[in-house]
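Secondary and tertiary structure notes
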Amino acid sequence: MAGPTVPQSLSRRRPAATGDEEATNILKLGDMTDTPALSVAECKVLLEQLANKGGRGTSNSDVYTKTREYVDMFARFKDPKTVTQVDAISSGLLMKGLTHFERAQLATLCCDSPDEARTLIPSLEGKLSDEELQDVLNDISKLRDFS
Amino acid sequence: MFFVKVLEHRIHLHPSFFGAQASAYILDQLYRDREGSNTGTMMIVAIIDVDDISEPKIVPGSGYAEYDVSFRAIVWRPFRGEVVDGMVSSVVNNGFFVDVGGLSVFVSKAMIPQQLKYTVEGATPSFTDGVDQTVERGSQVRLRIKGIRGEMGQMFAIGSIREDYLGPLLQ
C-alpha cells in the first residue's frame, strides 16, 4: 500500500466502562457498595432542609429541578417525622444482613406483601423470612400518607 | 437510587484570586462545576457540605494553585435491574418514555405486556387494555431498568414493565 501508515488510534481512548454494575439477584454496585442510600422520601426531606438552610440558594440546573419535582411527586411519606420513623424501622434490617441499597428500596417501593418485595428486589431472596418481611412491610404501610 | 457519597474535585485558582476571598471563590467554583452535573454514570443532585479543602499546591509552569476539595453530595445513580417509579412523558407507537428524575427511560413495545395495546383517542395516544390499566402522558409507572448507557454528560436507559408488580400505578 502506498502512502504514510496511519497509527492505530488517533483519539484518546475512552475510560473503560465500569460496566458490570447491576442490581439483580446479586448486587454489584461498583463504587456505591457500602455507600449509604436514601429512599425517595428521605431524599425529599434532605433536599428541603438544604434548600431552607439558605446560604447558597438552590441550583438552577436541569438535574436539580427535575429531581426536586420527582421526589416531591413520588415520596411516599411527606412528613419529616414519619420519614425518621420509617428510617428507624428499616435500619433494624441492616443488622440482619440487608444492604443499604435493599433497605432504601424497601422504604421507597412500599410493597404490600413479601412476595411483591422479593419480586421487585430480587437480591432479598433468602435474606429475611416471610414473617419478618411482612412485619416490616406492615409497619411501613401504617405510616404511609394517603393524602 | 439516591446515595450520599463523598466525592473529590480538583480546582485550579488563578493567582489574581489569591487573597482573603480565596476560600469563598473555591466553594463557588465547586458548586458551579459539580452541582447539577451528570457524569454519564451518576448525577450529582446537590452538595451537602464540604469536608475538607486541601492545602494549595502551586502548579509548576502555570502559577495556578491546585486545591483538592472533598465534599459530600446527594448523587443519583441508576442500576440495571433496579425497580423505579416514574412519570410518562410521551407515548409513541413503539413504546413510551418515562421520566425518572433527570433520566429518560424508554420502554419499548417488546417490554410491554400483550394486553396493553397502542390506541389513539382523539389526540392522546396511550397504551391501554381497555379495562383498568392505561399508560398515557402523565401516568405514573413502575418499571425495571433493563439497560443503561452513559456518555459524558448524558445517560440513556431502557426499561421493562413486562413483569409482575410492574406497570401503571393506581393513583
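Residues numbered from 1 in each chain as written. Chains lettered and ligands numbered in written order. Predicted model: local features only at pLDDT ≥ 70, side-chain atom pairs only at ≥ 80, totals over all residues. Heavy atoms only, no water.

1. Re the overall build of chain B
When helices and strands are tallied, chain B shows one helix and 13 strands. Ordering the α and β elements of chain B from the N terminus gives β-α-β-β-β-β-β-β-β-β-β-β-β-β. For 171 residues, the compact-globule formula gives about 16 Å, and the C-alpha radius of gyration of chain B, at 22 Å, lies well above that figure. Taken over 171 residues, chain B has a buried fraction of 46%. About 8,400 Å² of surface is accessible on chain B, with carbon and sulfur atoms providing 50% of the total. If you average the places of the 16 positive and of the 20 negative side-chain charges in chain B, the two averages end up 7 Å apart. (Helix = DSSP H or I, 4+ residues; strand = E, 2+ residues; numbered from the N terminus. Rg over C-alpha atoms; globule rule 2.2 N^0.38 Å. Buried < 20%, exposed > 50% of the residue type's maximum accessible area, 1.4 Å probe, protein only. Areas by Shrake-Rupley, 256 points an atom, 1.4 Å probe, with all protein chains shown as cover. Lys, Arg positive; Asp, Glu negative; His and termini not counted. Charge placed at Lys NZ, Arg CZ, Asp CG, Glu CD.)

2. Some thoughts on the sheet that holds strand E9 (residues 124–128) of chain B
Residue and element names in this part refer to chain B. If you walk across this open sheet you meet the three strands as E8-E9-E10, and the pairing is antiparallel. A strand with exactly one partner marks an edge of an open sheet, and here the two such strands are strand E8 (117–121) and strand E10 (134–136). Averaged over all pairs of adjacent strands, the angle between their axes in this sheet comes to 30°, without regard to strand direction. In this sheet, E9 lies alongside E8 in antiparallel orientation, the contact comprising five bridges. Its bridge partner being in E9, Tyr 118 is matched across the sheet by Phe 127. (Pairing = 2+ DSSP bridges. Axes fitted to C-alpha atoms, helices over the stretch in contact; angles between N-to-C directions.)

3. Side note on the pairing of strand E5 (residues 83–92) of chain B
Two faces make up the sheet, and in a regular strand the side chains alternate between them. Residue and element names in this part refer to chain B. Bridge count between E5 and strand E11 (residues 140–151): five bridges; the pairing is antiparallel. Looking at E11, one finds that Gly 86 is bridged to Val 141. In the sheet, E5 pairs with strand E6 (residues 95–100) via five bridges, with the strands oriented antiparallel. Paired with Met 87 across the two strands is Asp 99, which belongs to E6.

4. Focus on the packing of helix H1 (residues 40–52) of chain A against helix H3 (residues 80–91) of chain A
All names here are of chain A. Contact geometry for H1 and H3: axes closest at 10 Å, N-to-C directions at 135°. The orientation of H1 with respect to H3, classified from their angle, is oblique. Here the hand of the crossing between H1 and H3 comes out left-handed. Touching Ala 41, Glu 42 and Val 45 of H1 are Pro 80, Val 83 and Asp 87, all from H3. A breakdown of the residues in the contact of H1 with H3 according to their chemical character gives four nonpolar, no polar and two charged. (Parallel < 35°, antiparallel > 145°, perpendicular 65-115°, else oblique. Left-handed = near helix turned anticlockwise from the far one by under 90°. Contact = heavy atoms within 4.5 Å. Nonpolar A, V, L, I, M, F, W, Y, C, P; charged D, E, K, R; others polar.)

5. Remarks on helix H2 (residues 62–74) of chain A
A rise of 1.5 Å per residue sets the reference length of H2 of chain A, with its 13 residues, at 18 Å; its end C-alpha atoms lie 18 Å apart and thus fit the reference within 8%. Where H2 of chain A is buried, its residues meet H1 of chain A together with strand E1 (2–13), strand E2 (43–53), E5, E6 and E11 of chain B. (Expected span 1.5 Å × (residues − 1).)

6. Considerations on the pattern of salt bridges
Where charged atoms of side chains with opposite charge meet at close range, the side chains can pair. All names here are of chain B. All chains considered together, the criterion is met by 18 salt bridges over all chains. For the salt bridge of Glu 66 with Arg 10, the shortest nitrogen-to-oxygen distance reads 3.6 Å. Here Arg 10 lies in strand E1 and Glu 66 lies in strand E4 (residues 65–76), a separation of 56 residues in the sequence. Among the residues examined, Glu 66 registers a relative accessible area of 15% and is labelled buried. Between Arg 72 and Asp 49 there is a salt bridge whose closest N-O contact spans 3.0 Å. (Salt bridge = Lys/Arg side-chain N within 4 Å of Asp/Glu carboxyl O.)

7. Brief notes about the UniProt feature "domain: S1 motif" (unreviewed entry) in chain B
Under the UniProt annotation, the feature "domain: S1 motif" (unreviewed entry) is placed at residues 81–162 of chain B. Overall, residues 81–162 of chain B shows 0% helix and 66% strand. The separation of its end C-alpha atoms is 13 Å. (UniProt positions renumbered as here; feature names shortened; annotations may be inferred.)

8. As for the nonpolar core
Soluble globular proteins: nonpolar side chains tend toward being buried together. One finds Leu 106 of chain A together with Phe 2, Ile 74, Phe 96, Leu 143 and Ile 161 of chain B to be the most contacted residues of the largest nonpolar core, which totals 62 residues. With seven residues, H1 of chain A is the largest single contributor of residues to this core. Sequence-distant contacts of Phe 96 of chain B, that is, excluding residues within four places in its chain, are made with Val 88, Ser 90, Val 91, Val 105, Phe 106, Val 107, Ile 112, Phe 127, Val 135, Val 141 and Ile 161 of chain B. (Core = buried A, V, L, I, M, F, W, Y, C linked by side-chain atoms within 4.5 Å.)

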